[in-house]
Amino acid sequence: MHQLLLRFSLLALLATGIVSAQPSQPISEQPALIPLPLQYEQQMNQPGFLLTGGIKADTATSHSELGRAAIRALMAAGFEMHPEETEGNLRVVPINHINPEAYSLKITPQEILIGIAGPQALPAAAQTLAQAVVHDSAGQPALPAMHVDDYPALQHRGIMLDPSRHPISVKDTKRLLSLMARYKLNRLHWHLCDDQGWRIEIKKYPRLTAIGSKRPESSDWVNQKQKDGKPVEFFYTQNDIREVVEYAHSLGITIIPEIEIPGHACAAVAAYPELGNQDSPGFAPRVETGWGVFTHVMAPCDFTFRFIEDVLAEVCELFPRAPYIHIGGDEVPHDQWKSSPAAQAFMKQHAYTHESQIQDHFTHFCAQVLRKLGRRMVGWDEIMSAPQLPQDAIVMAWRSMGHARIAASRGHQVILCPIQSFYFNFSQGNDPADSFYTGLSGFDNINWQHILAFDTRINGGKVIGMQANLWSECIPCMRKLEYMLVPRICALAEKAWYYHSSSAPAAEHFGQRLQAHYPYFDSLQLNFRQEDGTPRLYTAR
């Protein structure tokens, strides 16, 4: 029914008249689209829309809200746009569809007609057009005559970036956002603090960056006793954050920030020792140089709870479009709470019988703070240990699909990122001769074929998203990050777009389309992983 409504709206508009434009020469090439639209029809060996003169928007389109949004989306996708023309060849119309990201495209030699269910659909429509650019028989850039009806299965399709272990500059972050947008990924999960560094400026707590953003050296990711002797000092200013947030928004991407609470807090406690369990034996917080799980966690005290309120308030101001804020909640050791008289007194005050209830207290507190700030809470699947976890809490399931199914059975919305398939810091198989480009061992052969084949089905409609996590302990530079991300990002994009639709394309079909994207990767000078495991740019580090 929705498809019929899409087609009806477009055909009705076509009947109103088309502004003439010069057609291309016949087109025999078929675009290799990733993710493949749900419905795609192309008129083979027929003229298409010639792009040598750009895309023209007439005054009415340029002055309409939808038209202006479409012009911005098309420009962000790389098209040459000419607004305020007397006659135009771009039309943008609303369509009736339950999914706000649903869109339709009707390309003729004379016109580009875009139908959208909501503004959120424009970035995907624009990127489909960008991927559809081919060459006609005269070698000129053109769009084939085609009709597309499309919408995603999941609303959260993302990548998690980790600048806390190894910094990622504003420039490189924006470069990655552009790559995400190309494949219709719409969420960047930004892991902004951890034991090894605090990377976001918080005005009320300047020592977080004055102290917490610095470490004297880093451990080798294979042999942690081996140190590199290279100091790290890096954080994003609030102006940096705003710049990245606005750039992401221009591409149709929403950034979800993560502030780790109450564990993975060494950098924060090093900056503000009063956040920690100061009365526990051996209390000596520092910004960690190694990798793993460390005992320094936040103390359940008044200063810590004020700190959480203040930090989350600033974070919400910096990320005004984020519908939910990630509070971490994973891998929290209880050692210091067990040995701290103050933590034990807190437990007695609240009639808690086990240290795990302190973590549950933090979880409920964060949910309450975020609710007052008009946001929802998302956390790693360990937050499910909290009794009566608020129903609106979103669970990001990383440990297994089993944890995802438990969350769904309890009525929580779920974002899938199981370590067995969606941790892009793990090996892809066929490791290159240069050991620098190998991934972590443990879950091997997580290549694009594995991602497409991995069973992520959960009944009940609670899965709202899917993402890949790119932890950076073993990723010290952009060239390796690109190798670990590309082309797996393409498989993730297709998996999230279809989820488990019966119309999902076959893996063999995907492989053929993927090969056609190599020239695009090369145009960006990406150091992507080739099928035999070798990096595209051999000497880059």
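Conventions and cut-offs
- Residues numbered from 1 in each chain as written.
- Predicted model: local features only at pLDDT ≥ 70, side-chain atom pairs only at ≥ 80, totals over all residues.
- Heavy atoms only, no water.
- Helix = DSSP H or I, 4+ residues; strand = E, 2+ residues; numbered from the N terminus.
- Contact = heavy atoms within 4.5 Å.
- pLDDT = per-residue confidence, 0-100.
- Core = buried A, V, L, I, M, F, W, Y, C linked by side-chain atoms within 4.5 Å.
- Buried < 20%, exposed > 50% of the residue type's maximum accessible area, 1.4 Å probe, protein only.
- Disulfide = S-S within 2.5 Å.
- Phe/Tyr/Trp six-rings, centres within 6.5 Å; stacked < 30°, edge-to-face > 60°.
- 1 Å grid on protein atoms, 1.4 Å probe; cavity = no way out; pocket = protein on both sides within 12 Å on 5 of 7 lines; lining within 4 Å.
- Points joined across faces, edges and corners; volume = space filled by probe spheres on them.
- Nonpolar A, V, L, I, M, F, W, Y, C, P; charged D, E, K, R; others polar.
- Expected span 1.5 Å × (residues − 1).

**Q** Run through the side chain of threonine 173, naming residues and quoting values.
**A** Relative to the elements of secondary structure, threonine 173 occurs in helix H5 (residues 170-182). Dropping the residues within four chain positions of it, threonine 173 is found in contact with Ile168, Leu188, Trp190, Tyr236 and Val244.

**Q** Describe the confidence of the model for the protein, with residues and values.
**A** Averaged over every residue, the pLDDT of the protein is 94; the share at 70 or more is 95%. Counting interchain partners and residues more than four positions distant, the pLDDT-below-50 stretch residues 1-19 has 34 contacts.

**Q** Now, about the nonpolar core: what can you tell me, with residues and values included?
**A** Core analysis: the biggest nonpolar cluster contains 134 residues, and Trp190, Trp198, Ile200, Ile308, Phe319, Leu485 and Phe521 have the highest contact counts within it. The element best represented in this core is helix H9 (residues 302-318), accounting for 9 residues. Counting residues in hydrophobic clusters, the runner-up holds 36 residues, among them Ala70, Ala77, Met81 and Ile116.

**Q** How would you summarise the state of the cysteines if you had to cite specific residues and measurements?
**A** On inspection of all chains with the given rule, the structure shows 0 disulfides. No disulfide involves cysteine 477; its sulfur sits 11 Å from that of cysteine 474, the nearest cysteine. Cysteine cysteine 490 remains unbridged, with the sulfur of cysteine 417 as its closest cysteine sulfur at 20 Å. A residue is classified by how much of its surface remains accessible, and cysteine 490, at 0% relative accessible area, is buried.

**Q** Residues and numbers for the packing of aromatic side chains, please.
**A** All chains considered together, the criterion is met by 27 aromatic pairs. Ring centres of phenylalanine 234 and tyrosine 236 lie 4.9 Å apart, and the angle between their planes is 80°; this geometry places the pair in the edge-to-face category. According to the relative accessible area criterion, phenylalanine 234 is buried, its value standing at 19%. Among the residues examined, tyrosine 236 registers a relative accessible area of 1% and is labelled buried. For the pair phenylalanine 422 and phenylalanine 454, a centre-to-centre distance of 6.3 Å together with 90° between the ring planes defines the contact as edge-to-face. Residue phenylalanine 422 is found in helix H14 (residues 419-422), and its partner phenylalanine 454 is found in the loop between helix H15 (448-453) and strand S23 (463-470); the two are separated by 32 residues along the sequence. Since its relative accessible area comes to 18%, phenylalanine 454 is described here as buried.

**Q** Report on the layout of surface pockets, specifying residues and quantitative values.
**A** Space inside the largest pocket adds up to approximately 830 Å³. Along its surface, the largest pocket is lined by 37 residues, and Pro119, Gln120, Leu122, Pro123 and Gly252 are the ones closest to its centre. Here the lining of the largest pocket gets 7 residues from one element, more than from any other, and that element is helix H3 (residues 65-76). Along the lines of polarity and charge, the residues of the lining of the largest pocket split into 20 nonpolar, 9 polar and 8 charged.

**Q** Give a detailed account of H9, specifying residues and quantitative values.
**A** Taking 1.5 Å of rise per residue, 17 residues should cover 24 Å, and H9 covers 25 Å from first to last C-alpha, within 8% of that figure. The element H9 is largely enclosed, with a buried count of 12 among its 17 residues. Looking only at H9, the buried set comprises Phe303, Thr304, Phe305, Phe307, Ile308, Asp310, Val311, Leu312, Glu314, Val315, Cys316 and Leu318.

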